[in-house]
Amino acid sequence: MGRGAPSSHPPPWRRLLRYALLCALLPPWGTSEANEQLAEFPPRGWNSYDSFSWIVDENTYMQNAEILAEKLLPHGYEFAVIDYLWYRKYVHGAYTDSYGFDNIDEWGRPFPDLQRFPSSRIDKGFSQLANKVHGMGLKFGIHLMKGISLQAVNGNTPILDIKTGKPYVEDGRQWTARDIGLTHRTCAWMPHGFMSVNTDIGAGKAFLRSLYQQYADWGVDFVKVDCIFGMDYSPKEIITISELLAELDRPIILSISPGTEVTPALAKNISQHVNMYRITGDDWDNWKDVSSHFDVSSSFAAANKIGAIGLRGRSWPDLDMLPFGWLTNAGVNQGPHRQCELTSDEQRTQIALWSMAKSPLMYGGDLRHLDNDTLSIITNPTLLKINHYSINNMEFHHVHSERTSKEDKHSSRFISEDLVHVPKIDGVSLGLTACSDDKANGWNYGMQDDKNISFCLGKTIPLLTSDDIIVHNEEYQTKFHLANMDSDDACLDASGSQRRTSSDSKFPMFSRCRWHAMQMWELNEKGNLISSYSRLCATVESNNKGVVTTGAVARAWIATGSKGEIYLAFFNLDSMSRKITARISDLEKVLGSTFIRKDTCSCTEVWSGRNFGRVEEEISAVVKSHGSMVFEITC
């Protein structure tokens, strides 16, 4: 090139300016991955629990991961999650709450069962498995229990200081598992498994730091921490885990579970520390579980919790997994052996609600038996578009409906007795809520001679072992049992003794009185009755409320799209077909004239693909029992 010829390269000053601008826009060296925006959209993936309970092994997991990558990853399903007890030996005598069958290392941390996950023999971890999953374009996730295991506490294992690689030392002494395990805060449905960690002391934080650094070293992208929210509420531990994850160079999605007794008030101070949080009990394949999600999802949408600020990104109220396809049963040592008991209409209703409420979508069935009908349901492009990109998601209360048929035959098989008996006294029920909720106020302590009163607040005579006396004297001397006067030995439990499904009672249970934090209550000067276990407050609510949305058989949701489209979903919770109607004028009242720009609108029904043409005044359709219709409307 001659000296006078024009150069194809920009002059040095322009290159320097471009470099300076790029440096101003980019994060510091080595931290771009750590600063990745987490959960910008509701996460999607596959979880092993609904199909394999806790006995999934490496071979079946990888077979599911391969199908996930092939058939569902193109639709945004990217997380392949191994659910609970991957560290438990699958041998005779091992079950959900068994003791002594877990693999823990010299620092009290669980590692995979080497028989079920043979690739873990290389490093006693999941790094080999995570690498394979990453090679498929997927992300690797695991389920965790809160805190530390009872095995580690009983074994009094030392705590690893990851800064020195040696046992943690503070105040001139070496700290161990017994120093940090809160034995009175065991997991309610797995008391022989795990307990909370004392995060007020350095040793407790050091243990959790060593735990989550190890998961990052394994290549974990997603952690689902159980028995830490809802009735087993452990806010300090949630916040500590969130802070420790924020310190890591590796971005890890934080999901917390389970969600029994969750209200928007309870999530108010927690949602910003996580990316997903369960707001229901376990969801299984029965209509009662599906229908129980309508009220709770509506309340979180009304509280503007959908897509709120979360850990390194956003947070999403989680309605639990999609139990479609080939499944197992809850709480069994058995793999998939039966088909989903929801009808196709009921499955469409479930994913339509999950999408309109922008819940994470985690498929639970064995992907090796994924049929075309189920695949079409969970990959419907319009529903997936709503799930990720819609805004203004809320329940739409301005619908009218009427029955058009007799009871559908298929619905009768879902009528059954409640699995949990709710204590009802004089037309009221006991519940739990965040202590900031006004409904938690008004408790007082006093002597009552009236035999018509079913509940009283008073100290019980502690039946203690010699080991418990110190705890009683120092910790429980100002605390109470809430006893049922109609029983000689029945006290209110602030946490259930087993995992509950979504359709189970959302009220606390009475059980035999024992000296445990789950049955201890504190009465403060504000009139709050506070659970020593969950730190939630007890409420008494009337069953004869003036306006109750629970039980409404015709429901509707609305949302808006990025191009001005309106999404309207009709849901029929009735055992009979119903004609459901919504007026365009009511849509305008809720969404405003920005979306209703013309005198006429046109709409297409998503499931059938039917074009309804021009709609001037109202949208009306007959919806089958337990079915749904979703309309995409342009005005």
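Everything below is about the structure shown above.
Residues numbered from 1 in each chain as written. Predicted model: local features only at pLDDT ≥ 70, side-chain atom pairs only at ≥ 80, totals over all residues. Heavy atoms only, no water.

S.K.: I'd like to hear about the packing of helix α7 (residues 202–218) against helix α8 (residues 235–247), residue by residue, with values.
M.R.: Following both chains from N to C, one finds α7 and α8 inclined at 50 degrees, their axes separated by 10 Å at the closest point. If you check the angle between α7 and α8, you find them oblique. With respect to the hand of their crossing, α7 and α8 are arranged in right-handed fashion. The segment α7 lies against α8, with Lys-205, Leu-208, Arg-209 and Tyr-212 engaging Glu-237, Thr-240, Ile-241, Leu-244, Leu-245 and Glu-247. (Axes fitted to C-alpha atoms, helices over the stretch in contact; angles between N-to-C directions. Helix = DSSP H or I, 4+ residues; strand = E, 2+ residues; numbered from the N terminus. Parallel < 35°, antiparallel > 145°, perpendicular 65-115°, else oblique. Left-handed = near helix turned anticlockwise from the far one by under 90°. Contact = heavy atoms within 4.5 Å.)

S.K.: Describe the sheet that holds strand β4 (residues 148–149), and please don't skip the residues or the numbers.
M.R.: Strand order in this open sheet of 3 strands is β4-β10-β9, and the pairing throughout is antiparallel. Each of the sheet's edge strands pairs with one partner strand only, and the pair in question is β4 and β9 (181–187). Summarising the sheet, β9 and strand β10 (residues 190–197) pair through 4 bridges and their orientation is antiparallel. Across the sheet, Thr-186 pairs through a bridge with Met-195, a residue of β10. (Pairing = 2+ DSSP bridges.)

S.K.: Talk me through the pairing of strand β31 (residues 566–572); I want residue IDs and the actual numbers.
M.R.: Residues in a regular strand project their side chains so that they alternate between the two faces of the sheet. Counting buried positions along β31 gives 7 out of 7 residues, so the element sits mostly inside the fold. In β31, alternate side chains face the same way, and those of Ile-566, Leu-568, Phe-570 and Asn-572 on one face and Tyr-567, Ala-569 and Phe-571 on the other are all buried. As paired strands, strand β30 (residues 554–560) and β31 are joined by 7 bridges and run antiparallel to one another. By the bridge assignment for β31, Trp-557 is matched with Ala-569. (Buried < 20%, exposed > 50% of the residue type's maximum accessible area, 1.4 Å probe, protein only.)

S.K.: Can you explain the nonpolar core? Please cite residues and give values.
M.R.: Counting 139 residues, the largest nonpolar core has Tyr-61, Trp-86, Phe-140, Tyr-212, Val-223, Phe-229 and Ile-378 as its most contacted members. Per-element tally for this core: the top contributor is α7, with 9 residues. In this view, Trp-86 contacts Pro-110, Phe-111, Pro-112, Asp-113, Arg-116, Phe-117, Phe-126, Ile-142, His-143, Leu-144, Tyr-215 and Trp-218; residues no more than four positions away in its chain are not counted. Counting 25 residues, the second largest nonpolar core, distinct from the first, contains Leu-568, Ile-584, Cys-603 and Ile-619. (Core = buried A, V, L, I, M, F, W, Y, C linked by side-chain atoms within 4.5 Å.)

S.K.: I'd like a description of the pattern of salt bridges, backed by residues and values.
M.R.: Taken as a whole and assessed by the stated rule, the structure comprises 24 salt bridges. In this structure, the salt-bridge partner of Asp-113 is Arg-116, at a minimum N-O distance of 3.2 Å. Classification of Asp-113 by relative accessible area gives buried; the value is 4%. Using a relative accessible area of 5% as the deciding quantity, one classes Arg-116 as buried. Here Asp-366 makes a salt bridge to Arg-368, at a shortest N to O gap of 2.9 Å. Residue classification places Asp-366 among the buried residues on the basis of a relative accessible area of 0%. In the salt-bridge network here, residues are joined through shared partners; they are Arg-278, Asp-282 and Asp-320. (Salt bridge = Lys/Arg side-chain N within 4 Å of Asp/Glu carboxyl O.)

S.K.: Give me the state of the cysteines: which residues, what numbers.
M.R.: Scanning the entire structure with this criterion turns up 3 disulfides. Here Cys-435 pairs with Cys-537 through a disulfide, and the sulfurs are 2.0 Å apart. The disulfide joining Cys-435 to Cys-537 has a torsion of about 95 degrees about its S-S bond and is therefore right-handed. In this pair, Cys-435 is assigned in the loop between β22 (428–433) and β23 (455–458) and Cys-537 in strand β29 (residues 537–542), connecting sequence segments 102 residues apart. Overall, Cys-435 belongs to the partly exposed group, its relative accessible area being 26%. Linked covalently through their sulfurs, Cys-601 and Cys-635 form a disulfide whose S-S length is 1.9 Å. Measuring the twist about the S-S bond at about 105 degrees, one finds the Cys-601-Cys-635 disulfide to be right-handed. On the criterion of sequence distance, the pair formed by Cys-601 in strand β33 (residues 601–605) and Cys-635 in the segment after β36 (628–634) is long-range, its members being 34 residues apart. Cys-635 carries the same exposure label as Cys-601, and that label is buried. (Disulfide = S-S within 2.5 Å.)

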